[in-house]
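The residues making up each chain are set out below.
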Amino acid sequence: MRLIHPALCVCVVLLAACSKPAEVASPAIPATPVKAEVATTPDPQSYANYDDVRVTDAALTLDVSFERKQLAGTVELALEWLDSNANTLVLDTRDLDIARVEREAVSGWIEAEYDVAARDPKFGSKLTIALPERAKRVRITYNSRPEATGLQWLDPAQTLGKSQPFMFSQSQAIHARSWVPIQDTPAVRFTYSANVTAPEGLRVVMSADNDATATGEGGYSFRMPQAIPSYLLAIAVGELEFRPLGARSGVYAEKGRIEAAANEFTDTEAMIDATEKLFGDYRWGRYDLLVLPPSFPYGGMENPRLTFATPTIIAGDRSLMSLVAHELAHSWSGNLVTNAGWRDFWLNEGFTTYVENRIVEEVYGEEFARMEQVLSQDGLIEEMKAIATPDQRLVVDVVGRDPDETFSGVPYHKGAWLLLTLEQRFGREVFDPFLRGWFDRNAFESVTTEDFLAYLRSDLLAKHPGKFEEAELDAWLNQPGIPATAVKSTSAKLAAVDAARAEFLAGTRTAAKLPGKSWSTQEWLHFLGGLPDATTSDQLAALDSAFDLTGTRNAEIAFAWFKRGIAANYEAIRDPLQAHLVAIGRRKLVVPLYEEMAKSPEGKAEAIRIFRLAAPGYHPLTRTTVATKLGVDP
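Residues numbered from 1 in each chain as written. Predicted model: local features only at pLDDT ≥ 70, side-chain atom pairs only at ≥ 80, totals over all residues. Heavy atoms only, no water.

A closer look at the nonpolar core
Consideration 1: Of all hydrophobic cores here, the largest spans 197 residues; its most connected members are Phe265, Leu543 and Tyr594.
Consideration 2: The contact partners of Phe265, leaving out residues within four places of it in the chain, are Leu245, Val251, Leu289, Val291, Ile313, Ile314, Met321 and Val324. (Core = buried A, V, L, I, M, F, W, Y, C linked by side-chain atoms within 4.5 Å. Buried < 20%, exposed > 50% of the residue type's maximum accessible area, 1.4 Å probe, protein only. Contact = heavy atoms within 4.5 Å.)

Overview of the pairing of strand S4 (residues 97-105)
Consideration 1: With 6 bridges connecting them, S4 and strand S8 (residues 137-143) associate as antiparallel partners. For Ile98, the partnering residue across the bridge sits in S8 and is Tyr142.
Consideration 2: The pairing of S4 with strand S5 (residues 108-111) spans 4 bridges and is antiparallel. Across the sheet, the residue bridging to Ala105 is Gly108, located in S5.
Consideration 3: Hairpin geometry of S4 and S5 is characterised by an intervening segment of 2 residues between the two adjacent antiparallel strands. (Pairing = 2+ DSSP bridges. Helix = DSSP H or I, 4+ residues; strand = E, 2+ residues; numbered from the N terminus.)

Re the pattern of salt bridges
Consideration 1: Following the criterion strictly, the structure yields 42 salt bridges and no others.
Consideration 2: Between Asp97 and Arg145 there is a salt bridge whose closest N-O contact spans 2.8 Å. Of the two residues, Asp97 is situated in strand S4 and Arg145 in the loop between S8 and strand S9 (151-154); the sequence distance between them amounts to 48 residues.
Consideration 3: Residue classification places Asp97 among the partly exposed residues on the basis of a relative accessible area of 30%.
Consideration 4: Judged by its relative accessible area of 27%, Arg145 is partly exposed.
Consideration 5: For the salt bridge of Glu382 with Lys385, the shortest nitrogen-to-oxygen distance reads 3.0 Å.
Consideration 6: Taking relative accessible area as the criterion, Lys385 reaches 65% and is therefore assigned exposed. (Salt bridge = Lys/Arg side-chain N within 4 Å of Asp/Glu carboxyl O.)

Thoughts on the layout of surface pockets
One way to see where empty space is left: roll a probe the size of a water molecule over the atoms.
Consideration 1: Estimated volume of the second largest pocket: approximately 560 Å³.
Consideration 2: Contributions of two or more residues to the lining of the second largest pocket are made by helix H1 (255-264), helix H14 (555-567) and helix H15 (574-583). (1 Å grid on protein atoms, 1.4 Å probe; cavity = no way out; pocket = protein on both sides within 12 Å on 5 of 7 lines; lining within 4 Å. Points joined across faces, edges and corners; volume = space filled by probe spheres on them.)

Regarding helix H10 (residues 470-478)
Consideration 1: Of all the 9 residues making up H10, 8 are buried; the element is thus mostly covered by neighbouring parts of the structure.
Consideration 2: Every buried residue of H10 is accounted for by Ala471, Glu472, Leu473, Asp474, Ala475, Trp476, Leu477 and Asn478.
Consideration 3: If you follow the buried residues of H10, they end up packed against helix H4 (346-364), helix H7 (410-426) and helix H9 (449-461).

Regarding the pairing of strand S15 (residues 240-246)
Consideration 1: Here S15 pairs with strand S16 (residues 249-254) via 6 bridges, running antiparallel. In the sheet register, Pro244 faces S16, and the bridge partner there is Gly250.
Consideration 2: Where S15 folds back on S16, the antiparallel hairpin that results is connected by 2 residues.

Regarding the sheet that holds strand S10 (residues 166-169)
Consideration 1: Overall, antiparallel pairing links the 4 strands, which are arranged S9-S10-S14-S12 in an open sheet. Pairing within the sheet leaves two strands with one partner each, and these edge strands are S9 and strand S12 (203-206). With direction set aside, neighbouring strand axes in the sheet form an average angle of 10°.
Consideration 2: Here S12 runs beside strand S14 (residues 235-238); their pairing, made up of 4 bridges, is antiparallel. Paired with Met206 across the two strands is Ile235, which belongs to S14. (Axes fitted to C-alpha atoms, helices over the stretch in contact; angles between N-to-C directions.)

Thoughts on empty space enclosed by the protein
Consideration 1: On inspection of all chains with the given rule, the structure shows 2 cavities of 30 Å³ or more.
Consideration 2: The calculated volume of the largest cavity comes to roughly 80 Å³.
Consideration 3: Taken together, Trp342, Arg343, Phe345, Trp346, Asp391, Arg393, Leu394, Val396, Thr406, Phe407, Val410 and Pro411 make up the full set of residues lining the largest cavity.
Consideration 4: Here the residues of the lining of the largest cavity sort into 8 nonpolar, 1 polar and 3 charged. (Nonpolar A, V, L, I, M, F, W, Y, C, P; charged D, E, K, R; others polar.)

Side note on the confidence of the model for the protein
Consideration 1: Summarising the model, the protein shows a mean pLDDT of 93, and 94% of its residues fall at 70 or more.
Consideration 2: Note that residues 3-41 has pLDDT below 50 and, in this model, 146 contacts with residues that lie over four places away or in other chains. (pLDDT = per-residue confidence, 0-100.)

Considering H1
Consideration 1: Among all positions in H1, only Arg257, Ile258, Ala261, Ala262 and Glu264 are buried. The buried residues of H1 all sit within an arc of 155° when viewed along its axis, so they share a single face.
Consideration 2: In this fold, the buried residues of H1 make contact with S15, S16 and strand S17 (287-291). (Arc of directions from axis to C-beta.)

Structure follows, in structure tokens:
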């Protein structure tokens, strides 16, 4: 998933083979490795007793009601008992109304005793089901509530077409429990099926085998034959059309956006081929994308077989396709090999960010990949200035915390930088088979950092002694900051941008003489991200006159421009900034702007005013985050 990128790395990302030396200042590496102090099991964000009994399959029968803003129906869970003395099943729920629980018996389905515990504000309510005869299946009749944190219900006015409503889910990290009673932990993987009915004229799609020709008569039916963790459960309902992109890929979107989306994502099939060449077969059948309304809080979500994507990546020039590369990369790292708990989130996102950059290099060339490495690393270094020291580690303590509270660019970019470092030390001829072996050996499994360390030590470090020491490994995993031995990536194109920026700031080159009309999105992001805090409103006006940055339709460049404009009190951005904040709900592109505005009393008042206009269209995650930053009610 594309979550939060560092504030100055507003682009799409990351790391691959590259590297002229340039060391990054950071704490010295300790002489003796320090083991992570946090527990690996059980998952502290889940009530589930998955060491006693595990869900192996879920069969959903649901009805979608936009009038009540709820999903209602049943889920039938198949169980595998692991402890012969256990006789209860514990599931995760949050704000679900449980109407009935039944267990399978010889005589058929019979009532089962159950208890819903008091609600915890972070983790929801524990659902305990008594199963004295260790039933193989249970069936729960329930409905979600309008306030479900994992669902967003949009009125027609909040969609592109303005005529039909829209609903979509966001289950990661622990939001699946708000729309399905389940063992909501990445440590548990299960297959699933579903039959979903929805109002006429609306299509249902899920993270499963979607049939683009289905009419919905009798409900839409789905099957996910590969075992997935609960955070990859996904559903969306809306007025959707489909366009094929290749033999095994396609895109769903609203009618007014489908052609632009299909044109933007033309390279998807080439990306699949490139990744297979590097890291083995794509094992999920199809790879489709769903372009959601602008309120989607993230860049993308790697739901298997159906990536959810923000419309803000449709730039018209395919310059933001790294996001598609990122979500596709999850088909190997994250979806195929999954972190067993959220303390090991870097195993998902660090690996994915590294693989993403390798895909980008294969499809768009080495220099493009180098630019994104530089943006990623620069952004991480800047972001770490505002991140608490304990959360600068790759292995992070999540006990007692909602995983959403711990998300940052660290697992993404520091994790990818570690893998890039390993690649540089051992060479691709050694490292690529090693990484491919990690995916092959652990396919459809949930793993921990300890699992990776065991594999790393036996299959890489021991076979090539002296190239990477334990103390350095510890510095990456368990210490804050960037290790002193990290080599920073370089890019010839971005070096040229640095030189042009320096001349502009020194007054030896006017804005009109900058080569900005030929710059890529990545070059513009680097230029804007490197402007100093002292940049004046007059300097921004000159840039605006030459390149119409205030009017850009590229959401990433607009974000970087508005952030700089807020800091310089550049009056010309006032109305376009409001339009940006009202139209887009992607957290990465709005939260830092509110934070920048709130640095002055006048700016904070303006931020609150705009937030009140924009909040009805924001996803609950975005709305809550912005409200917290501004100190107001959501």
